[in-house]
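Fold and geometry: a report
What follows is the residue order along each chain.
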Amino acid sequence: MTESRVNDHGAFGARPVGLVFDDRYLTHNTGLALIGDRQPHPFAEPVAHPSSPELVGRAKHLMDLHGISDRMVRIAPRLATDDDLLVYHTPDYLARVADLSAGAGGDTGEGAPMGPGGDRIARLSAGGAMAAVDAVLAGDVRAAYALVRPPGHHAMADRGVGFCVYNNVVVAARHAQRTHGVGKILILDWDVHHGNGTQDAFWRDSSVLFISLHQDDLFPASWGAVDQVGADAGRGCTVNIPLPGGTGNRGYLAAFDRIVTPLVRQFAPELILISAGQDANVMDPLARMAVTLAGYRGMMARMMALADECCGGRIVISQEGGYAAAYAPYCSAAVAETLVGLESGAAPIDDPYGPRAESLPPSRAIGLDCEQAIERALATQRAFWAV
Ligand SMILES: [Zn+2]
């Protein structure tokens, strides 16, 4: 994708791009971090939880400072109802989250803490993704970025997992199908961790193509192996592309060009949802990938081209992870900037750290281990797709 192609897309805009954001997202309280069992010697000084408010807050502020949010239509989130959440989550889980929320807060499952009143914010997060779907499918906007918090893709039917309370993208996809009559949906998950909850929700479902690119065997354990392909009618509609640590822009974009693009064309979705965690960035503390702003711009441009080709440009981005406070927000802002398009003559956001990373091997060449990972994914997918 060339820069001019992105500009053209921005100029396409009789219909603008939407933004879901709400200051209440910043009040989701994950507390202080002591991740995992570090007894008998916890950290000498507590540090902020990785999923802190400042990540999404800084992304929003960067979008403001660079004039991106000014060119987006604000979409108000709504509160997901029990009925909305029960498309995936269990009644028992909803009751447990409500109890925690009414009390002192706590862990909703496995490493997904929230403070008092957290249920309402988590519902506002899922409802944010739903509101973005509504705006796109009503034709008010051609695409939308739901800059929500807490994230969603790890959340399972009966428990929160990995900072995620409700599975925002699952709830939004089911909402699109139930309320708007959408048939086929693509969920593309480029968060560096595996979207286990999303995979679980659509494991036997051929109406949703779930594609996850993630660091191999990172989190959660045992999820996201290349041979996890779905079951029954859903066989072939779960696509895992585990990539080795150190994969940078070139490896990611090769995976998009060689696997994602042909599969999406064949599936021909009516709506595209992106689980966009920017934690494959080169500075992230919770992963070991080497993606820079240029890589995120390239992935976003490829998804926009596919959306133009398949579904009238309809994309809903739902924010997932991204934990490098100094860098992940830049990646999110660059994704939004690409989606909105540059104004004529405007310079894109300057990458504060990327150029140094881009002089390193992962940005200059596709590693042999990455090449092998792509080949393994292709070999697996040839049972279902022409690739
Ligand atoms: Zn993640």
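Remember, predicted model here, so these are calculated numbers, not experimental data.

So, the overall build of the chain
Scanning the chain from N- to C-terminus turns up 13 helices and 14 strands. Here the chain has a C-alpha radius of gyration of 19 Å; the compact-globule value for 387 residues is 21 Å, and the two agree. C-alpha atoms of the chain, sized along the principal axes, occupy 50 × 50 × 50 Å. A total of 387 residues make up the chain; the buried ones form 56% of that total. Across the chain, every contact between residues at least 6 apart in sequence was considered, and the portion connecting residues at least 24 apart equals 78%.

Section: the nonpolar core
Residues A129, A132, A144, L273 and V316 are the most contacted members of the largest nonpolar core, which totals 125 residues. Counting residues per element, this core draws most heavily on helix α5 (residues 118-138), at 11 residues. Ignoring anything within four residues of it in the chain, the contact list for V316 reads A129, A132, V133, V136, A144, A146, A172 and L273.

Quick word on the sheet that holds strand β10 (residues 185-189)
Here 8 strands make up an open sheet; going across it, the order is β4-β1-β8-β14-β13-β10-β11-β12 and the pairing parallel. Here the strands that pair on one side only, and so sit at the sheet edges, are β4 (72-75) and β12 (238-243). Within this sheet the neighbouring strands show an average axis-to-axis angle of 15 degrees, counted without direction. Sheet analysis places strand β11 (residues 208-215) next to β12, joined by 6 bridges and oriented parallel. Bridge assignment links I211 to a residue of β12, and that residue is V239.

Here we look at the packing of helix α2 (residues 53-65) against helix α10 (residues 328-340)
Interaxial distance between α2 and α10 falls to 8 Å at its minimum, and their mutual angle equals 45 degrees. Judged on the interaxial angle alone, α10 and α2 are oblique. Of the two possible hands of crossing, α2 and α10 adopt the one that is right-handed. Contacts between α2 and α10 pair L55, R58, A59, L62 and M63 from the former with A328, P329, Y330, S332, A333 and A336 from the latter. When the residues that make up the contact of α2 with α10 are grouped by side-chain class, the tally is 9 nonpolar, 1 polar and 1 charged.

Here we look at α5
The first and last C-alpha atoms of α5 sit 30 Å apart over 21 residues, in line with the 30 Å expected at 1.5 Å per residue. Counting buried positions along α5 yields 18 of 21 residues, so the element is predominantly enclosed. Count one or two residues on from α5 and you reach G139, which has phi positive near 85 degrees.

So, unusual backbone geometry
Omega for the bond connecting R149 with P150 falls within 30 degrees of zero, at 0 degrees, which places this linkage in the cis form. Note on placement: P150 falls in the loop between β8 (143-146) and β9 (160-161). Here the bond from F219 into P220 is cis, since omega is -10 degrees, no more than 30 degrees from zero. Its identity as a non-glycine residue notwithstanding, D217 has a phi of 55 degrees, on the positive side. You can see D217 is positioned in the loop between β11 and β12. When the 15 C-beta atoms within 10 Å are taken as the criterion, D217 is described as partly exposed. For A268, which is not a glycine, the phi torsion comes out positive at approximately 50 degrees. You can see A268 is positioned in the loop between α8 (249-267) and β13 (271-276). With 14 C-beta atoms counted inside 10 Å, the residue A268 sits in the partly exposed group.

Topic: the packing of α8 against helix α9 (residues 293-311)
Closest axis-to-axis distance for the α8/α9 pair is 10 Å, and the angle between their directions is 10 degrees. Regarding the angle of α8 to α9, the classification is roughly parallel. Counting all contacts with α8, which are made through N249, Y252, L253, F256, T261, V264 and R265, the residues of α9 involved are A294, G295, G298, M299, R302, L306, E309 and C310. Here the contact of α8 with α9 is built from residues that sort into 8 nonpolar, 4 polar and 3 charged.

Examining the confidence of the model for the chain
Note that predicted coordinates carrying low pLDDT should not be read in detail. The predicted model of the chain has a mean per-residue pLDDT of 93, with 93% of residues at 70 or higher. Predicted confidence is poor over residues 1-13, with pLDDT under 50, and the contacts of this stretch with residues over four places away or in other chains come to 19 contacts.

Remarks on the pairing of β8
Across the two faces of β8 the burial is the same, with A143 and Y145 and A144 and A146 all buried. Bridge count for strand β1 (residues 17-20) against β8 is 4 bridges, and the pairing is parallel. Paired with L19 across the strands is Y145, a residue of β8.

Here's the deal with α2
Compared with an ideal rise of 1.5 Å per residue, which puts 13 residues at 18 Å, α2 spans 18 Å between its outermost C-alpha atoms and is within 8% of the ideal. Those residues of α2 that are buried lie in contact with β14 (315-319) and α10. Among the residues trailing α2, G67 stands out with phi positive, at a value near 75 degrees.

Side note on the environment of V141
Position of V141 among the secondary structure elements: in the loop between α5 and β8. Each C-alpha atom of the pair V141 and L19 lies 9.6 Å from the other, and the pair is 122 residues apart in sequence. Once residues within four sequence positions are removed from consideration, V141 is found in contact with R15, P16, V17, G18, V73, A135 and V136.

Definitions and cut-offs
Residues numbered from 1 in each chain as written. Predicted model: local features only at pLDDT ≥ 70, side-chain atom pairs only at ≥ 80, totals over all residues. Helix = DSSP H or I, 4+ residues; strand = E, 2+ residues; numbered from the N terminus. Rg over C-alpha atoms; globule rule 2.2 N^0.38 Å. Buried ≥ 20, exposed ≤ 12 C-beta atoms within 10 Å, placed from the backbone. Contact = placed C-beta atoms within 7 Å. Core = buried A, V, L, I, M, F, W, Y, C linked by C-beta atoms within 7 Å. Pairing = 2+ DSSP bridges. Axes fitted to C-alpha atoms, helices over the stretch in contact; angles between N-to-C directions. Parallel < 35°, antiparallel > 145°, perpendicular 65-115°, else oblique. Left-handed = near helix turned anticlockwise from the far one by under 90°. Nonpolar A, V, L, I, M, F, W, Y, C, P; charged D, E, K, R; others polar. Expected span 1.5 Å × (residues − 1). pLDDT = per-residue confidence, 0-100.

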